[in-house]
Amino acid sequence: MKTATAEILQQANANQNAAEYRPEHAIDLGMVESASDDERYVLPDNRAQWAQDVPNNVFDAEGQLTADKMAAAYARFQDLGALNIINTGLEAQEQNDVPMHVLECLGFGEKEQFKWGGLTSGRTNLKYISRCMRETDAYPEEKFLLPHNEILYQRFMPERLLFICSQPTKKGSGGRTFAHCALKTEAYIAGCGAAGSALLEKMRKGGFTIETGFLDDAHPEKSKNYFRSWQDRFGTADRDEAIAVCKQSTHQFDDCNWMAEDGIDAPTLMTRINIPAFKKDPRDGRDYMLFPRIALDGPKAHNGYRRFLIGDAELTKTETAILLQAFLATREGRYYNAGDILLVDNIRYGHSRESFEGARKIHASMAGMFWTDDAVQ
Ligand SMILES: [Fe+2]
């Protein structure tokens with residue numbers, strides 16, 4: 001791990017120290033200028049994105065994942081932070097599962113699985129297809145699911161992720177799972193002049209605030225909402241008890257309140273949490289930027305009235321434009337064949353999913369655990 005990190009940092013430091021090598025990225029407001037509250041940004045044409053080749057780290061298993069190869073791949077993953085393993089020889093298994101010994105060798109065995117802390121912890125219901133594999137969350141195919149760290153809405157998160165492709169998209173039709181290096185993304189933002197430096201400073205000072213509302217089962221728009229109802233999430237139909245359970249869940253929420261809406265006798269339970277925007281990796285003592293979320297649309301019933309804030313402020317259009325450019329510039333990934341695997345370190349890398357058309361099936365597993373806030377663990 002030291003080698004790759006050292007190289008990236010050397011590059012980033014060189015950029016900071018020598019003006020002639022410093023990347024100066026002009027801030028292109030085109031992607032956010034015409035945006036409305038329904039869609040706050042518009043990315044470049046999907047087909048143009050799909051045709052672009054981007055870099056990626058590869059380990060070629062040459063048709064068979066032997067124990068030696070898996071050990072070598074895992075070591076390389078630890079060094080780099082994100083790694084595609086291709087030519088694994090794995091067929092799409094029944095229920096798209098992965099053999100247990102492969103999961104164990106790659107650090108995703110049953111003992112290492114990320115524990116949610118109970119079935120009622122999540123915002124959405126996870127669909128498990130076996131003990132260690134789950135389906136990836138649904139997201140509109142024509143949209144780019146922007147980079148994020150997995151489970152960055154509570155104080156504990158999985159340390160590493162495994163994705164395996166059972167049904168690849170056709171080359172050129174999108175759907176790649178990208179990894180985004182936190183150090184490179186931070187260096188890109190820092191290269192966006194005063195506005196970029198100010199954004200990083202705001203993140204350092206204010207952290208990320210995530211507001212999520214849990215609708216009532218009886219809310220007229222509940223069927224369009226993709227989160228669980230407050231009755232389901234907090235395991236009670238009693239409003240006072242739901243508030244009490246939420247307030248006790250200090251690893252998941254800082255605060256909550258009821259939000260009433262005119263003419264609807266079914267208030268929404270609004271929750272919020274603030275999480276530091278940088279994480280010190282205990283393995284190398286470095287601070288890694290976590291990925292700010294950008295809401296595609298404004299707070300509405302269908303998205304649980306959720307807002308992603310830096311400190312207590314919404315992202316400005318300039319900040320959104322900087323982040324979108326940084327996210328596009330830092331894509332690392334490739335078109336898969338069935339059986340290809342991607343390993344991602346959830347501290348040193350964010351991950352995203354490109355828009356796509358056609359069939360696509362990728363399954364995921366989460367392992368290890370870290371606390372987002374070093375002060376509260
Ligand atoms: Fe994800």
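Residues numbered from 1 in each chain as written. Predicted model: local features only at pLDDT ≥ 70, side-chain atom pairs only at ≥ 80, totals over all residues.

Caption draft 1: Inspection of helix H6 (residues 182-190) at higher detail. Judged by how many residues are buried, H6 sits mostly within the fold: 8 of 9 residues are covered. When we look at burial in H6, the residues that qualify are Ala-182, Leu-183, Thr-185, Glu-186, Ala-187, Tyr-188, Ile-189 and Ala-190. (Buried ≥ 20, exposed ≤ 12 C-beta atoms within 10 Å, placed from the backbone. Helix = DSSP H or I, 4+ residues; strand = E, 2+ residues; numbered from the N terminus.)

Caption draft 2: Up close: the environment of Arg-40. In this fold, Arg-40 is placed in the loop between helix H2 (30-33) and helix H3 (46-51). For Arg-40, a count of 18 C-beta atoms within 10 Å translates into the label partly exposed. When the C-alpha atoms of Arg-40 and Thr-320 are compared, they prove to be 9.0 Å apart, with 280 residues separating the residues in sequence. In this structure Arg-40 touches Val-32, Ala-35, Ala-295, Leu-296, Asp-297 and Thr-320, once residues within four positions along its chain are discounted. (Contact = placed C-beta atoms within 7 Å.)

Caption draft 3: Quick look at helix H4 (residues 67-80). In this model H4 runs 20 Å from its N-terminal to its C-terminal C-alpha over 14 residues, within 8% of the 20 Å that 1.5 Å per residue would give. Regarding H4, the residues found buried are Met-70, Ala-73, Phe-77 and Leu-80. Projected down its long axis, H4 shows its buried positions confined to an angular sector of 95°, all on one face. Across from the buried face of H4, at angles greater than 90 degrees, the exposed residues are Ala-67, Asp-68 and Ala-71. (Expected span 1.5 Å × (residues − 1). Arc of directions from axis to C-beta.)

Caption draft 4: Up close: unusual backbone geometry. At Ile-151, a residue that is not glycine, the phi angle is positive and equals roughly 65°. With respect to the helices, strands and loops of the structure, Ile-151 is situated in the loop between strand E4 (145-148) and strand E5 (156-157). Among the residues examined, Ile-151 registers 20 C-beta atoms within 10 Å and is labelled buried. Look at Tyr-305: it is not a glycine, yet its phi comes out positive at around 50°. In this structure, Tyr-305 sits in the loop between strand E12 (287-289) and strand E13 (307-310).

Caption draft 5: Region of interest: the environment of Ser-352. Here Ser-352 is to be found in strand E15 (residues 349-353). For Ser-352, a count of 20 C-beta atoms within 10 Å corresponds to the buried category. Every residue in contact with Ser-352, bar those within four places of it in the chain, is listed here: Phe-144, Leu-145, Leu-146, Pro-147, Phe-178, His-180 and Phe-327.

Caption draft 6: Highlighting the pairing of strand E2 (residues 82-86). Burial within E2 is extensive, with 4 of its 5 residues counted as buried. Pairing geometry for strand E1 (residues 58-60) and E2, over 3 bridges, is parallel. Within E2, the position partnered with Phe-59 by the bridge is Ile-85. Handedness of the crossover joining E1 and E2 through H4: right-handed. In the sheet, E2 pairs with strand E14 (residues 341-345) via 4 bridges, with the strands oriented antiparallel. (Pairing = 2+ DSSP bridges. Right-handed = clockwise from strand over helix to strand, strands pointing away.)

Caption draft 7: Quick peek at the packing of H6 against helix H10 (residues 317-329). Where H6 contacts H10, the two axes come as close as 9 Å, and the packing angle between them is 135°. Between H6 and H10, the crossing angle belongs to the class labelled oblique. In terms of crossing hand, the pair formed by H6 and H10 is right-handed. Contacts between H6 and H10 involve Thr-185, Tyr-188 and Ile-189 on the former and, on the latter, Ile-322, Ala-326 and Ala-329. (Axes fitted to C-alpha atoms, helices over the stretch in contact; angles between N-to-C directions. Parallel < 35°, antiparallel > 145°, perpendicular 65-115°, else oblique. Left-handed = near helix turned anticlockwise from the far one by under 90°.)

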